[in-house]
Amino acid sequence: MFAFTEQDHLFMQRALELAEQAETQGEVPVGAVLVQDNKIIGEGSNAPIAQHDPTAHAEIQAIRQAAEKLQNYRLPNTVLYVTLEPCSMCAGALVHSRVERLVYAASDEKTGACGSVFNVISSNERTHRVNCEHGLLAEESSTLISSFFKRRRTEKKHIKQ
């Protein structure tokens, strides 16, 4: 499949830590880390509930932080590590910000826009294509997300009774 480096593992591990932080806040556990020259320039975790903002996905948070840090809306020569395959909104943001490479852990068979349901990042209709690799720490990410939704379903079931 893909040959991931030690650096890839370290950055994805940080993304998982951010996902766990999101979970403690009651958010869907997704974390993202944006890297340039092997240095983190932006990171984020899901926060749409806390921020009352449907665009406050982990990827968007990381992109905004990096763009602010670099004082540039373009983010060339960067890699985004994220625990869940980006949705169409986030995939579009990757294209528009010119992220070079995406590494995501778990696929999203319902809304994934990087190959699972849609493929926004490598469309021939776009002027920029994002190189994509996936599966790094996928089991850990999938378990985190599955456990979160299972717990949510159980909590809702108890509320209704």
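See above for the structure.
Owing to the predicted nature of the structure, the values given are computational and were not obtained by experimental measurement.

### Some points on the pairing of strand E1 (residues 31-36)
Strand residues, when the strand is regular, have side chains that alternate between the two faces of the sheet. With respect to burial, E1 is a largely interior element, six of its six residues being buried. The alternating pattern of E1 places Gly31, Val33 and Val35 and Ala32, Leu34 and Gln36 on opposite faces, both of which are buried. Sheet topology places E1 next to strand E2 (residues 39-45); six bridges connect them, and they run antiparallel. Bridge pairing in E2 links alanine 32 to glycine 44. Connecting E1 to the antiparallel partner E2 that follows it, the hairpin turn spans two residues, and aspartate 37 within it adopts a positive phi of roughly 50 degrees. Of the pairings in the sheet, the one linking E1 to strand E3 (residues 78-84) comprises five bridges and is antiparallel in character. Residue pairing for E3: valine 35 is matched across the bridge by valine 79.

### A word on the layout of surface pockets
When its volume is computed, the largest pocket comes out at roughly 490 Å³. As for the largest pocket, its lining consists of 21 residues, and the residues nearest its centre are Leu84, Asp108, Thr111, Ile145 and Phe149. Here the element with the most residues in the lining of the largest pocket is helix H5 (residues 138-160); it accounts for five residues. Tallied by class, residues from the lining of the largest pocket come to nine nonpolar, seven polar and five charged.

Here is what the cut-offs are and how they apply
- Residues numbered from 1 in each chain as written.
- Predicted model: local features only at pLDDT ≥ 70, side-chain atom pairs only at ≥ 80, totals over all residues.
- Heavy atoms only, no water.
- Buried < 20%, exposed > 50% of the residue type's maximum accessible area, 1.4 Å probe, protein only.
- Helix = DSSP H or I, 4+ residues; strand = E, 2+ residues; numbered from the N terminus.
- Pairing = 2+ DSSP bridges.
- 1 Å grid on protein atoms, 1.4 Å probe; cavity = no way out; pocket = protein on both sides within 12 Å on 5 of 7 lines; lining within 4 Å.
- Points joined across faces, edges and corners; volume = space filled by probe spheres on them.
- Nonpolar A, V, L, I, M, F, W, Y, C, P; charged D, E, K, R; others polar.

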